[in-house]
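The residues making up each chain are set out below.
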Amino acid sequence: SAVERVSGEAVARCSGGLFCPAQLKESIKHFVSRKAIDIDGLGDKLVEQLVNQQLVKTPADIYQLDMAALVGLERMAEKSALKLMSAIQQSKTTTLARFIYALGIREVGEATALNLANHFASLDKLQQASIEQLLQVADVGTVVAEHLHSFFAEPHNQQVITALLAAGISWPAIEQQADTEQPLAGQTIVLTGTLTSMGRDDAKMKLQRLGAKVSGSVSNKTHAVIAGDNAGSKLAKATELNVPVWNEQQMLDLFSQYGVM
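What you see is a predicted model; the values in this text were computed from it and never measured.

(A) Looking closely at the sheet that holds strand β3 (residues 188–192). Spatial ordering of the open sheet is given by β4-β3-β5-β6, a layout of four strands whose pairing is parallel. Looking at which strands have only one partner, the edges of the open sheet turn out to be β4 (213–215) and β6 (245–247). For this sheet, the mean inter-axis angle between neighbouring strands, taken without regard to orientation, is 30 degrees. Helix-sheet contacts for helix α11 (residues 200–209) involve β3, β4 and β5 (224–227), and the interaxial angle to β3 is about 165 degrees. Sheet strands in contact with helix α13 (residues 248–257) are β3, β5 and β6, and its direction is about 80 degrees off that of β6.

Laid out in structure tokens, this is it:
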């Protein structure tokens, strides 16, 4: 794979990504992690066994594993293997944002992946995007745009993506939102406490779809704090700084109003 060196940085890096053997274990650990493709039960030690025994050479190989291969692994009984096979099958239904994040593209975190998914609404459009088109995405600067463009231009990465899609990974279609449907654009929101209607990650994703930046700390730049049950120090900080506090129902009303379900 091509070696790239970013201007101003001392190190050169391999652009092989999903294909590079030296990066393979960490790439797969990231790919299967909870905020990415989320394969429950496929932990670090198991990933290392699969790679060491050459059962998995790319993330797409995970979807070719069978019971015989899994039962042969250390500390993997038939019951555990069945459970893992089920988790692998369930992971095929995901979201475009999670899939983009799971690919492990350098400097593309959860928020950037979500912005890319919402902006292009299709993997094909993202893969074909020029650097100029990538720069039109919120929070994507020149460096990130170059990483994206380089990743999708690498034939090895394209082979892995094709194999993943052929294995059955899919996601619901995305309806692109107009700027007028992003009432929280430019606003910083903080979640605190326990939500009863959904998990914190789901709420974060929906707030980001409405344009918000979701932060983990309260400051005088915070636009609002959404407080669930048993909210603690963040709620106290919001009160101290006179930051508006929303309850969970107000958040749900906003989601309903803009069709973010």
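Back to the text.
(B) Spotlight on the packing of helix α6 (residues 110–120) against α11. Where α6 meets α11, the closest approach of the two axes is 10 Å, and the angle between their N-to-C directions is 50 degrees. By the angle class used here, α6 and α11 are oblique. When you trace α6 past α11, the crossing you get is right-handed. Facing Glu110, Ala111, Leu114 and Asn118 of α6, the residues of α11 in contact are Lys204, Met205, Gln208 and Arg209. Of the residues assigned to the contact of α6 with α11, the class counts are three nonpolar, two polar and three charged.

Here is what the cut-offs are and how they apply
- Residues numbered from 1 in each chain as written.
- Predicted model: local features only at pLDDT ≥ 70, side-chain atom pairs only at ≥ 80, totals over all residues.
- Heavy atoms only, no water.
- Pairing = 2+ DSSP bridges.
- Helix = DSSP H or I, 4+ residues; strand = E, 2+ residues; numbered from the N terminus.
- Axes fitted to C-alpha atoms, helices over the stretch in contact; angles between N-to-C directions.
- Contact = heavy atoms within 4.5 Å.
- Parallel < 35°, antiparallel > 145°, perpendicular 65-115°, else oblique.
- Left-handed = near helix turned anticlockwise from the far one by under 90°.
- Nonpolar A, V, L, I, M, F, W, Y, C, P; charged D, E, K, R; others polar.

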